[in-house]
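# Fold and contact review
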Amino acid sequence: MQDAVLAMLAKEPSHGYQLHARLRRSLGPLGEAMNRGQIYVTLSRLEKAGLVVCERADGLPDRPERKVYALTPAGQQRVTAWLSEVGWPKPDLAEFHLKLTAAAAARLADPVELIAAQRRELLRRLREAQRAALAEPPESGAGLLLEGVVLRLQADLRWLDVCERAWAPGAGTEDA
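Residues numbered from 1 in each chain as written. Predicted model: local features only at pLDDT ≥ 70, side-chain atom pairs only at ≥ 80, totals over all residues. Heavy atoms only, no water.

### Thoughts on the pattern of salt bridges
Note the cut-off: Every case where a carboxyl oxygen of Asp or Glu lies within 4 Å of a side-chain nitrogen of Lys or Arg is listed as a salt bridge. Helix and strand definitions here come from DSSP, where helices need a minimum of 4 consecutive H or I residues and strands a minimum of 2 consecutive E residues; each element is numbered from the N-terminal end. Partly exposed describes any residue whose relative accessible area lies between the buried limit of under 20% and the exposed limit of over 50%, with all areas from a 1.4 Å probe on protein chains only and scaled to the type maximum.
Enumeration according to the criterion identifies seven salt bridges in this entry. Note that aspartate 161 and arginine 119 form a salt bridge whose closest N and O atoms lie 3.0 Å from each other. With aspartate 161 in helix H7 (residues 141-167) and arginine 119 in helix H6 (residues 111-135), the pair connects residues that are 42 residues apart, well separated along the chain. Accessibility expressed as a relative area gives 31% for aspartate 161, which makes it partly exposed. A salt bridge links glutamate 121 to arginine 124, with the shortest nitrogen-to-oxygen separation between them at 2.6 Å. Note that glutamate 121 and arginine 124 are positioned in helix H6 at a spacing of three residues, about one turn of the helix. Given the relative accessible area of 33%, arginine 124 is considered partly exposed.

Written out as structure tokens, the structure is:
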């Protein structure tokens, strides 16, 4: 969650309510259960870590002033590192989706290139798992586990194909 919030702030400084709304909109039905308080706790932790700064902004006549959060240089570096990560042992599909959304919204990276980097990593892992599976008897416990790993990686690759089609230029997803 912290990395997604930082990436959303890379587009523009925002207050917690705006961030919550953007994250919920990005996640669609999966974001409906997101607690607004979770955003404020995350922002507080990011501020203590020196990744964001908080400034007071004038409110409207009927509202008090608001806290507006912006990235620090360290926060920007963390966003850059997060966008270049290609870890996939236990994928969090919602986090990867937020990475694509935030990268496109803040024009930090091309979502199609992020998908391609993930695909390369998954293909590397798939080759390793297939080699290991071939070395094990199919009826062994390890062979069965490796078959499950291969099937999971193949499913994840198919999902990346769907993501790529959705994020391809002209697909209409860029404004998420």
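Having seen the structure, we can now continue with the description.
### A short note on the side chain of serine 14
Note the cut-off: Note on contacts: a residue pair is in contact if any heavy atoms of the two residues lie within 4.5 Å.
As for its placement among the helices and strands, serine 14 is situated in the loop between helix H1 (2-11) and helix H2 (16-27). If we skip the residues at most four places from it in the chain, serine 14 touches Leu9, Leu19, Arg22, Lys67, Val68 and Tyr69.

### Quick word on helix H4 (residues 73-84)
To keep things clear, this is the line we draw: For a helix, the expected span equals 1.5 Å multiplied by the number of residues minus one. Arc definition: directions from the helix axis to the C-beta atoms.
With 12 residues, H4 ought to run about 16 Å at 1.5 Å a step, and its terminal C-alpha atoms sit 17 Å apart, in line with that. Buried within H4 we find Gly75, Val79, Trp82 and Leu83. Across the axial projection of H4, the buried residues extend over an arc of 95°, all falling on one side. Along H4, exposed side chains directed more than 90 degrees from the buried face belong to Pro73, Gln77 and Ser84.

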